[in-house]
Amino acid sequence: MKKANIIMWLTVLIAAVMLAKAFILNEDIKLFLLIFFGIGSGLAFLRLFVNNSIKKMKDKDWKVKVLFFAVLLGFGFPFQSWFRNEVLFSMGSDFLAGSITLLVVGLLFMTTFFGYAVNKFHVGNAEE
């Protein structure tokens, strides 16, 4: 079994256990866990999009490259600052560890799942 598949199944297992525990025990953190898993998944898609866009920048003019990174950083830095200051620093310390854990788990799961899905899609198209 490939390392990516092991990571994908391990992360989905961690997320399922943490979410099941929170919902079964009716803990207050359950909504935060769902939200942070979604944010982690969204960050994975953003990371994949940016990486793909950077690969396509090789043949572009330097002005296009500068504009791309200026827009990327222009949106990224303020959002990162807002998220850190208004969300993470204002959370209770008992919610923070589980939320950050599920954020990272969502990021790892969606990154590996997207790679798995793309590979399956390419194998399916090659067979046709």
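All values derive from a computational prediction rather than experimental measurement.

Caption draft 1: The pattern of salt bridges, seen in detail. Under the criterion given, the structure shown has one salt bridge. Across the salt bridge formed by Glu27 and Lys21, the nearest N and O atoms sit 2.9 Å from each other. Judged by its relative accessible area of 23%, Glu27 is partly exposed. On the accessibility criterion, Lys21 (44% relative accessible area) is partly exposed.

Caption draft 2: Region of interest: the packing of aromatic side chains. Summed over all chains, the structure comprises nine aromatic pairs. Relative to Phe83, the ring of Phe36 lies with its centre 5.9 Å away and its plane at 55°, an arrangement referred to as tilted. One end of the pair, Phe36, is in helix H2 (residues 30-55); the other, Phe83, is in helix H3 (residues 62-88), with 47 residues separating them in the sequence. Its relative accessible area of 2% is what places Phe36 among the buried residues. Ring geometry for Phe79 and Phe83: centres 6.2 Å apart, planes at 20°, overall stacked. Linking Phe79 with Phe83, this pair stays in helix H3, spanning four residues, or about one helical turn. A connected cluster of aromatic rings, assembled from ring pairs, spans Phe36, Phe79, Trp82 and Phe83.

Caption draft 3: Representation of the side chain of Ser99 within the structure. Summarising the element assignment, Ser99 is placed in helix H4 (residues 93-127). The contact partners of Ser99, leaving out residues within four places of it in the chain, are Ile29, Phe32, Leu33, Phe36 and Met91.

Rules of the game
- Residues numbered from 1 in each chain as written.
- Predicted model: local features only at pLDDT ≥ 70, side-chain atom pairs only at ≥ 80, totals over all residues.
- Heavy atoms only, no water.
- Salt bridge = Lys/Arg side-chain N within 4 Å of Asp/Glu carboxyl O.
- Buried < 20%, exposed > 50% of the residue type's maximum accessible area, 1.4 Å probe, protein only.
- Phe/Tyr/Trp six-rings, centres within 6.5 Å; stacked < 30°, edge-to-face > 60°.
- Helix = DSSP H or I, 4+ residues; strand = E, 2+ residues; numbered from the N terminus.
- Contact = heavy atoms within 4.5 Å.

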